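Listed here are the chains, written in short residue letters.
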Amino acid sequence: MRRTILAFLAACTMMASPLPAFSAKNETAVKKGAVKPAAKKTAGKKQAVKPATKLAKSSAGKKKTANRTTTKKKVAQKSANPVRHVAVSDDPAHLAIQSSAALVLDQTTGKALVEKQPDAVLPIASISKLMTAMVVLDAGLDLNEIISISHDDIDDLKGTRSRLPVGTTMTRETAMLLALMSSENRAANALGRHYPGGLPAFVAAMNRKARSLGMFDSRFEEPTGLSSNNVSTAHDLARMVTAAARYPEIRMFSTTAEAKVELNGRIQNFGNTNALVRSENWQIGVSKTGYISEAGRCLVMQAWVADKPVVIVLLDSQGKMTRVGDANRIKRWMESASLTKGARPV
């Protein structure tokens, strides 16, 4: 009888004990597990370039583009969790921007959110190719016309390599894609050579376009950016990126992650020089990188960050990943902090 009573009391004690709650770790694991379901594959972006050169994105490129397209739609929707506003982080001085010159411009208000030496005149390297593309498109030249790579397109200034041997033919549209996406210098120079009046007329048109955009501290000497005499300021480049974003071809070609191009009877794969266009965390409308030793590593983008359309300009970054690090720091800061009125020097 005593043994029966003891067993009964033990059972009651167990029933009275609460069930163990999820630990914070388990809770986090559950949250992490609630990853957004794999997005349905969307039809890839419009084919970058049409037949004359048989340019087509690779199947891998299509998947990546489809993923990015899906991501853009997701980013466009408001997050279930509202953006945090942390007053202590409002000061952009805490960003520790490593680029020598930087500017983040809110396109809605026209106000600078971050500034660091925005009026310093610096070499801009291949950022020049955005101006090259605008001049070609402004001239209304036939994008399906076949142009060729010649000895005049070889880089005798820096000795850079190219995957476009002399004699390669392609459409003007393909040359523009390769210049904007992969920063192909021979393609950019060929675009200038095949302009009515040749390179001298093309460079004159580049400088006229700059003046028309109010880029009064900018100067262009050639279409590739290999010359350190192609110079500008962060403020001027913000104007140029804003203008470039109005051209559908520039938006598409500069943000294409990768593409397969048939050149001289062979299919070649080309990728984008800006790794951020492949990131699901970024919604980028225009992108261009640049590098020569005098300019350091440069990056300009038109993007949507923290529900704001912004232009980001980063010039003269020394480390290989510094410009990407600066861009990500800016993005995190905008997403986690309420922005102060007016810009403060970094």
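Reading the values: rules and limits
- Residues numbered from 1 in each chain as written.
- Predicted model: local features only at pLDDT ≥ 70, side-chain atom pairs only at ≥ 80, totals over all residues.
- Heavy atoms only, no water.
- Buried < 20%, exposed > 50% of the residue type's maximum accessible area, 1.4 Å probe, protein only.
- Helix = DSSP H or I, 4+ residues; strand = E, 2+ residues; numbered from the N terminus.
- Pairing = 2+ DSSP bridges.
- Phe/Tyr/Trp six-rings, centres within 6.5 Å; stacked < 30°, edge-to-face > 60°.
- Lys NZ or Arg CZ within 6 Å of the ring centre and 35° of its normal.
- 1 Å grid on protein atoms, 1.4 Å probe; cavity = no way out; pocket = protein on both sides within 12 Å on 5 of 7 lines; lining within 4 Å.
- Points joined across faces, edges and corners; volume = space filled by probe spheres on them.
- Nonpolar A, V, L, I, M, F, W, Y, C, P; charged D, E, K, R; others polar.

J.: Explain helix α8 (residues 234–244) here, please?
T.: The periodicity of an α-helix, 3.6 residues per turn, causes residues three or four positions apart to be oriented the same way. Burial within α8 is extensive, with eight of its 11 residues counted as buried. Buried within α8 are the following residues: A234, D236, L237, A238, M240, V241, A243 and A244.

J.: Is there a simple way to think about unusual backbone geometry in this case?
T.: Excluding glycine, a negative phi dihedral is what most residues carry, and trans is how most peptide bonds are arranged. Phi angles above zero are rare outside glycine, and A125 is one such case at about 50°. Tracing the sequence through the fold places A125 in the loop between β3 (122–123) and α4 (128–138). By relative accessible area, which is 0% here, A125 ends up buried. One non-glycine residue with positive phi stands out, namely A306, at about 50°. Take A306: it is sitting in the loop between β10 (296–305) and β11 (308–317).

J.: Just to check I follow, could you spell out the pairing of strand β9 (residues 284–292) for this structure?
T.: The side chains of a regular strand alternate, first on one face of the sheet and then on the other. The element β9 is largely enclosed, with a buried count of eight among its nine residues. By the bridge criterion, eight bridges tie β9 to β10 in an arrangement that is antiparallel. Counterpart to I284 in the pairing with β10 is A303.

J.: What is the right way to read the packing of aromatic side chains from this model?
T.: When we look at a pair of aromatic rings, we describe it by the centre distance and by the angle of the planes. By the definition in use, this model includes one aromatic pair. With 5.2 Å between their ring centres and 75° between their planes, Y195 and F202 make a pair best called edge-to-face. Of the two residues, Y195 and F202, both sit in the buried class. Sitting over the face of the ring of Y291, R297 holds its NZ or CZ atom 4.3 Å from the ring centroid. K331 extends its terminal NZ or CZ atom over the ring of W282, reaching a point 5.8 Å from the ring centre.

J.: I tried to follow α4 on my own but got confused; where do I start?
T.: With respect to burial, α4 is a largely interior element, 10 of its 11 residues being buried. Taken from the residues just after α4, G140 is the one with a positive phi, measuring 65°.

J.: In this structure, what is going on with the pairing of strand β8 (residues 266–271)? I would like to understand it.
T.: Note that strand β7 (residues 258–263) and β8 share six bridges and pair antiparallel. If you follow V261 over to β8, its bridge partner there is Q268. Counting the residues in the hairpin turn of β7 and β8 gives two residues, including N264, whose phi is positive at 55°.

J.: Whenever I open this one, the layout of surface pockets confuses me. Can you help?
T.: Over the atoms rolls a probe the size of a water molecule, and in doing so it shows where empty space is left. Taken as a whole, the second largest pocket holds about 480 Å³ of empty space. Lining the second largest pocket are 25 residues; nearest its centre among them are S182, S183, T273, T289 and R323. Among the secondary structure elements, those contributing two or more residues to the lining of the second largest pocket are β8, β9, β10 and α10 (322–336). Partitioning the lining of the second largest pocket into residue classes produces eight nonpolar, 11 polar and six charged.

Read these as spatial facts, not as claims about activity.
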